[in-house]
Amino acid sequence: MDEALDPLVPRPLDRPRAVPLDAGADLSTLDTGKILAAPDDPADWPAWRDTLGRWREEARSRLGHDGSLYERADLAWARRCFVVSQVWLWDELLYDWDTHTFTPERLLADAHERFGGFDGVVLWHAYPVIGIDDRNQWDFYRDVDGLRDLVDTLHAAGVRVFVDYNPWDVGTRRSGPDADELASLVADLDVDGVFLDTLKEGGGALLDTLAAARAGVAVEGESTLPLARLVDHPLSWAQWFADSPVPGVVRSRWYERRHLLHHVRRWNRSHVDELQSAWLNGIGVMVWEVVFGVWVGWSDHDAGLLRRASLVQRRLADVLVEGEWTPLPDLGTSAAAAGVFGGEFAHDSGVFVPVVNRSDEDAVVTVPSRAGLVSHDVWSGRPLGEGDVEVQVPARGLGGVWQTAPGADVGWLRRPDDDDPAARASAAFRHRLAERVAPPAVAALGEGRWPDVDHVVVGPGRRVLTVRHRCRETGLYDGAPFVDEWKPLPPRLHDLRTVDRVVDVPETLAVAALEVSEREFAAFVEATGHGPSVPGGPRPAWVGRGAHEASDRHPVTQVDLGDARAYAAWVGGRLPTEDEWQVAGEECGLGRLEPQVWNLTESEHSDGRSRFVMLKGGSAHRATGSDWYVDGGVRGPDFTAKYLVPGGGSGRSTSVGFRVAWVLDREG
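Please read all numbers here as calculations on a predicted model, not as lab measurements.

Asker: Any details on unusual backbone geometry? Residues and values, ideally.
Answerer: Omega for the peptide link from Pro490 to Pro491 comes to 10°, which places this bond in the cis form. Inspection of the secondary structure assignment puts Pro491 in the loop between β25 (461-470) and β26 (496-505). The residue after Glu594, namely Pro595, is reached through a cis peptide bond having omega -5°. Mapped onto the secondary structure, Pro595 falls in the loop between α14 (578-587) and β28 (598-599). Even without being glycine, Asp484 reaches a positive phi, approximately 55°. Checked against the element boundaries, Asp484 lands in the loop between β25 and β26. Classification of Asp484 by relative accessible area gives partly exposed; the value is 35%.

Structure representation (structure tokens):
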């Protein structure tokens, strides 16, 4: 396979940048690197460090670096925001689908137990559902009831809150300029930062508008922030950064020590590489366990590493920023031969020596101590004494030493009883299966009326269906669409794929030839007093609309799954499953009301973190201008779109309706 097309191999721009050690070499080639590679031979490390120092001074002079942003008191929090989590706003840890309320205490309790807590949370909101209708990215925040209360609760827990900005959202309804809309949202929600999705840097107008809206807003660029923009972006997310065999330095962190990055490889099942690089560079990581509806959760082993590492980094945050940083200090030739490497951060309060083990065998390394300081093992909390000390570093693990004056407070290093450093947590990936959610029992409020509705009949039996879908980051049913891959690109991303499904239709079924119309649904509302099954969000058009003013030619829309189920029960039926819908469409043909809209199906799934349903039929609405939008356009019966259901009423869409099915031979 051509390496350029191998999804398991870093792209050239992701790979570590070699540092030229020749005198007179052009060091500006390092300006665009992600990680500046270290030489394999320890004998070259002193020259490598000297070259890195020379490059930094030359680049700062050449670019006229101004570090005044990092001296602002209102942005001091950013350099301590080590662990950030991207969280889908409707993650089942954050949102209760029974009470339809936010549950930040549940999210934070899980974060504390497994990861040692989050310093920041990105409330991801619109993608991957944006484009289903004309709502823009601001609507998907603005229409959420209780969002400001959620932000306030997270703040009260000491957690910083970010919103995300999607610059590619150009095909939905237009409102004000993006900079104005984003600034207004930041001010109204009182959030601390903005994640720039697909954008390395924010333009000057965007940054100025945000700064005027709220003091202390940190803008975090995606991937490789240009050196020149480190002056106005205190944070960036280090996505897809490949390190050298001997650990190198993260370019942005070396250039500006106060700039904090968050390592992340969203599709990886092991996060040891990110954790080791973050540990040696004194930077943070991003915990992203649900990638747009796909479970990619951290193993117990990796979560345990982060839990301990974050405790140390938070406590030694000033040391990591202000201390004299020496990458790859001499730990002896035997350490390097064993795959053990370290760093050193020398500060007035002490010396921190982080160590990583890149081998598959446990190792012991000797760490030299400075005179008059007492060493402690930061991983076990054990006192090690004065002079040169030995530290054990587990295979593929982290370790280190904190050297400080005798009598200094080191109580924070003690481990709780339930956090045994000798314990070997599993590094296995814990799969989550998306189970089909049985619809809640709903009493039929009326008599079955299928004979009065045009319908097609689907006979029982087993069939093999070929289902077509676009390969989005959401995947389809179970499993991640990409595993241990670097940045997925076309043709692996957004290409049309097929999957064969063996399905059983157990009973003869009548499927309505058309969607439920506005008039039919209005009659149901008048007869039952039905209101929106999910509270919150904009008022659906069908609320308060009488049957006499509703159309029998337009499909009812702005319905949640609960609304559709309630109507189906009222007429003595149910929703067809996605497979029954496809069989009916392929074998018999199904009609469509105008405008044509996606059809909900009885296909609710949950893996305990994400809920989704399958949509069939396509829609007349199509958002244009970006491949990140939901699929649009009218589709054949074989096409399926996975719809990650938003809560709080946001799942109701003007482009989604439904039709009803009835079992014909239940009694024989």
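Asker: Explain the sheet that holds strand β7 (residues 193-196) to me, and be specific about the residues and the numbers.
Answerer: Pairing is parallel around the closed barrel formed by eight strands, whose spatial order is β2-β5-β6-β7-β8-β9-β11-β12. Sheet twist, expressed as the mean angle between neighbouring strand axes with direction ignored, is 25°. Here strand β2 (residues 83-88) runs beside strand β12 (residues 284-287); their pairing, made up of three bridges, is parallel. Residue pairing for β12: Val84 is matched across the bridge by Met286.

Asker: Any details on helix α2 (residues 104-115)? Residues and values, ideally.
Answerer: The end-to-end C-alpha separation of α2 is 16 Å, in line with the 16 Å expected for twelve residues at 1.5 Å each. Where α2 is concerned, the buried positions are Pro104, Leu107, Leu108, Asp110, Ala111, Arg114 and Phe115. Within α2, the buried residues cover an arc of 160° as seen down the axis, which keeps them to one side. Set apart from the buried face of α2 by more than 90 degrees, the exposed residues are Glu105, His112 and Glu113. Tucked inside the fold, the buried residues of α2 contact β2, β4 (101-102), α4 (147-156), β12 and α9 (300-315). Gly116 occupies a position one or two residues after α2 and carries a positive phi of about 85°.

Asker: Break down the packing of aromatic side chains for me, with residues and values.
Answerer: By the definition in use, this model includes 35 aromatic pairs. Both rings, one in Tyr567 and one in Phe658, keep their centres 5.7 Å apart while their planes meet at 70°; by these two values the pair is edge-to-face. Linking Tyr567 in helix α13 (residues 561-570) with Phe658 in the loop between β34 (656-657) and β35 (661-663), this pair joins segments that are 91 residues apart in sequence. Take Phe658: its relative accessible area is 0%, and that puts it in the buried class. Pairing Trp598 with Phe639 gives two aromatic rings, centres 6.4 Å apart and planes at 35°, and the pair type is tilted.

Definitions and limits used
- Residues numbered from 1 in each chain as written.
- Predicted model: local features only at pLDDT ≥ 70, side-chain atom pairs only at ≥ 80, totals over all residues.
- Heavy atoms only, no water.
- Helix = DSSP H or I, 4+ residues; strand = E, 2+ residues; numbered from the N terminus.
- Buried < 20%, exposed > 50% of the residue type's maximum accessible area, 1.4 Å probe, protein only.
- Pairing = 2+ DSSP bridges.
- Axes fitted to C-alpha atoms, helices over the stretch in contact; angles between N-to-C directions.
- Expected span 1.5 Å × (residues − 1).
- Arc of directions from axis to C-beta.
- Contact = heavy atoms within 4.5 Å.
- Phe/Tyr/Trp six-rings, centres within 6.5 Å; stacked < 30°, edge-to-face > 60°.

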